[in-house]
Amino acid sequence: MSVAKKNIIGFSVVTLGIALTGAVTLGIQPMGWMRTTNVGQLPELAAVQAQLSSLDACDIEYGSRKSANGTRWTGSQSTARVTPCGTSSSFWISVPVPPERQVDNVAFDMKRGSVKAPWKILVEKKQTAFPALKQSLELLAPHLLTQYPIERQRDADRKAQWARERQARKDAERALKEDAQNSYPE
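Residues numbered from 1 in each chain as written. Predicted model: local features only at pLDDT ≥ 70, side-chain atom pairs only at ≥ 80, totals over all residues. Heavy atoms only, no water.

Focus on the overall build of the protein
The criterion, for reference: What counts as a helix is a DSSP run of H or I of at least four residues, what counts as a strand is a run of E of at least two, and both are numbered from the N terminus. Per-residue accessibility, obtained with a 1.4 Å probe over protein chains only, is compared with the maximum for each type, and a residue is labelled buried under 20%, exposed over 50%, and partly exposed between these values. Pairs of residues are marked as contacts when any of their non-hydrogen atoms sit within 4.5 Å. Accessible surface is estimated by sampling points in the Shrake-Rupley manner with a 1.4 Å probe; for residues, cover comes only from the protein chains shown.
Per the secondary structure count, the protein includes three helices and eight strands. If you list the helices and strands of the protein from N to C, you get α-β-α-β-β-β-β-β-β-β-α. Put simply, the protein has 186 residues, and 26% of those count as buried. Put simply, of all contacts in the protein between residues at least 6 apart along the chain, 67% involve residues at least 24 apart. If you sum the accessible surface of the protein, you get close to 12500 Å²; carbon and sulfur atoms cover 59% of it.

In structure tokens, the structure reads:
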């Protein structure tokens, strides 16, 4: 091994060591998903999970929670983010939650691998009390059963409309170019 390669490897190891030491020294909090606990196996939540099992969804996020650094709030009490099964996790359907179905100080993420898989209900136990979580799920489940399919259809309709408009623009541009090109005498 050449001296240059040895120096690069040594420099990389030292840099990584310094970075890890700095993270430990500063007391950096772990990522949010590392602090969550799956409470989906609790019998008190079985009825809600049974209700939501018919949804074509593999992820339901709801509620406000602090980011890993503790300064910024993410999520919302006024909407639930629902990711359909078989789609990218960056794609979700936003389902508005009316005020009478909102519960303060609740944040959870329900996940499953497929429509037939059981739900995992991930919460940060230090930030979400169980009675509030249960109440929120009981209020939210029937709402999602009725509103998620409506919002998913609206989303599909919007995408279809955008695709038609985009195609119409492309057709118009192509026709304009052809007209312009054919307008000159030969």
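Now that the structure has been shown, we can carry on.
Let's talk about the nonpolar core
Applied cut-off: Nonpolar cores are built from buried Ala, Val, Leu, Ile, Met, Phe, Trp, Tyr and Cys residues. Side-chain atoms within 4.5 Å join them into one set.
With 27 residues, the main nonpolar core has Leu52, Ile60, Phe108 and Leu144 as its most contacted residues. Residue assignment for this core shows that the elements contributing at least two residues are helix 2 (46-52), strand 2 (57-63), strand 5 (79-84), strand 6 (93-96), strand 7 (107-111), strand 8 (120-123) and helix 3 (130-182). The greatest single-element share of this core, amounting to seven residues, is contributed by helix 3. With near-sequence residues (within four places) excluded, leucine 144 lies in contact with Leu52, Leu55, Ile60, Ala80, Val82, Val95 and Pro149.

Let's talk about the state of the cysteines
Condition: Here, the term disulfide refers to a pair of cysteine sulfur atoms separated by no more than 2.5 Å.
With the rule as written, the count across this model stands at one disulfide. Across a sulfur-sulfur distance of 1.9 Å, cysteine 58 and cysteine 85 are joined as a disulfide pair. Its S-S torsion of about 100° marks the bond between cysteine 58 and cysteine 85 as right-handed, since a negative value means left-handed. Here cysteine 58, found in strand 2, pairs with cysteine 85, found in the loop between strand 5 and strand 6; they are 27 residues apart in sequence, far enough to count as distant. Given a relative accessible area of 11%, cysteine 58 falls into the buried group. Looking at cysteine 85, the relative accessible area reads 16%, which means it is buried.

A word on the side chain of glutamate 151
We count it as follows: Pairing of N or O atoms within 3.5 Å defines a polar contact, subject to two protein rules: one partner must be a possible hydrogen donor and the other a possible acceptor, and residues neighboring in sequence count only if both atoms are side-chain atoms.
Of note, glutamate 151 is situated in helix 3. Among the polar contacts made by the side chain of glutamate 151, one reaches the side chain of arginine 154 at a distance of 2.7 Å. Other than its neighbours up to four places away in sequence, glutamate 151 contacts Ile93, Ser94, Val95 and Pro96.

Remarks on the pairing of strand 7
Put simply, the rule reads: One requirement defines pairing of two strands: DSSP has to find at least two bridges between them.
Most of strand 7 is tucked away: four of the five residues are buried. In this structure, strand 2 lies alongside strand 7, joined through five bridges in antiparallel fashion. Bridging across to strand 7, isoleucine 60 finds its partner in methionine 110. Sheet topology note: the strand 7/strand 8 ladder contains three bridges and is antiparallel. Residue pairing across strands places lysine 111 opposite lysine 120, the latter belonging to strand 8.

Some remarks on helix 3
Note the following rule: Working definition for bend: take the seven residues up to and ending at a residue and the seven starting at it, fit an axis to each, and measure the angle between the axes.
Where helix 3 bends most, the angle comes to about 40°, and this point is leucine 144. For helix 3, the secondary structure elements touched by its buried residues are helix 2, strand 2, strand 5, strand 6, strand 7 and strand 8.

Let's talk about unusual backbone geometry
The residue asparagine 105 is not glycine, and still its phi comes out positive at about 60°. Judged by its relative accessible area of 63%, asparagine 105 is exposed.

What about the packing of aromatic side chains?
Inclusion rule: Any pair of Phe, Tyr and Trp rings, taking the six-membered ring for Trp, is counted once the centres come within 6.5 Å. Such a pair is stacked with planes under 30 degrees apart, edge-to-face with planes over 60 apart, and tilted for the rest. Any Lys NZ or Arg CZ that is within 6 Å of a ring centre and within 35 degrees of that ring's normal is treated as a charge sitting over the ring.
Tallying each qualifying case throughout the model produces one aromatic pair. Ring geometry for tyrosine 62 versus phenylalanine 108: centroids 5.7 Å apart, planes at 40°, classification tilted. Taken together, the residues tyrosine 62 in strand 2 and phenylalanine 108 in strand 7 connect sequence positions 46 residues apart. Like tyrosine 62, the residue phenylalanine 108 is buried in the burial classification. Above the plane of the ring of tryptophan 92 lies arginine 81, whose end atom (NZ or CZ) is 3.6 Å from the centre.

All quantities given are derived from atomic positions and should not be read as evidence of function.
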